[in-house]
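Chain and residue survey
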Amino acid sequence: MNAQVRLSVNGSPVEVPAGASVAAAIAHVSMRFRRSVNDMPRAPLCGMGVCFECRVQVDGVAHVRACMTTVSEGMQVITDA
């Protein structure tokens, strides 16, 4: 049995396998991560930290690349979608 990690995405509880990315956890709630300056919905594009489209706030730290960040127990993730 795989260990599960509990965290919060925009106030909603999410449970994902240990070792999953924050992007995967967000995808359990919504595929929209943020909005562009033109108010267009944005989401991961490259999945390897190059495009910066998946930036979110993690535990109060802004502009964290969700695709490159591993979830941890109790993590608080905020998107602006």
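Below or above, wherever it landed, is the structure these notes cover.

The rules behind each value
Residues numbered from 1 in each chain as written. Predicted model: local features only at pLDDT ≥ 70, side-chain atom pairs only at ≥ 80, totals over all residues. Heavy atoms only, no water. Pairing = 2+ DSSP bridges. Helix = DSSP H or I, 4+ residues; strand = E, 2+ residues; numbered from the N terminus. Axes fitted to C-alpha atoms, helices over the stretch in contact; angles between N-to-C directions. Core = buried A, V, L, I, M, F, W, Y, C linked by side-chain atoms within 4.5 Å. Buried < 20%, exposed > 50% of the residue type's maximum accessible area, 1.4 Å probe, protein only. Contact = heavy atoms within 4.5 Å. Disulfide = S-S within 2.5 Å.

Pairing in this open sheet of five strands is mixed, and the strands run 2-1-7-5-6 from one edge to the other. Sheet topology places strand 2 (12-17) and strand 6 (61-65) at the edges, where each strand pairs with a single neighbour. Pairwise comparison of adjacent strand axes, ignoring direction, gives a mean angle of 40° for this sheet. Two strands pair when backbone bridges link them, and strand 1 (residues 4-9) and strand 7 (residues 76-78) are joined in this way by two bridges, in the parallel orientation.

Attention now moves to the nonpolar core. What tends to happen in soluble globular proteins is that the nonpolar side chains get buried as a cluster. In this structure, Leu-7, Val-22, Ile-26, Val-56, Ala-66, Val-71 and Val-77 are the most contacted members of the largest nonpolar core, which totals 20 residues. Sorting the residues of this core by element identifies strand 1, strand 2, helix 1 (22-27) and strand 5 (55-58) as the ones contributing at least two each. With four residues, helix 1 is the largest single contributor of residues to this core. In this structure Ala-66 touches Ser-21, Val-22, Ala-23, Ile-26, Phe-33, Cys-54 and Val-56, once residues within four positions along its chain are discounted.

On to the state of the cysteines, then. Enumeration according to the criterion identifies zero disulfides in this entry. Counting only cysteine sulfurs, Cys-46 is the nearest neighbor of Cys-51, a cysteine outside any disulfide, at a range of 3.7 Å. A relative accessible area of 24% places Cys-51 in the partly exposed class. Looking at the unpaired Cys-67, the closest cysteine sulfur is the one in Cys-54, lying at 3.7 Å.

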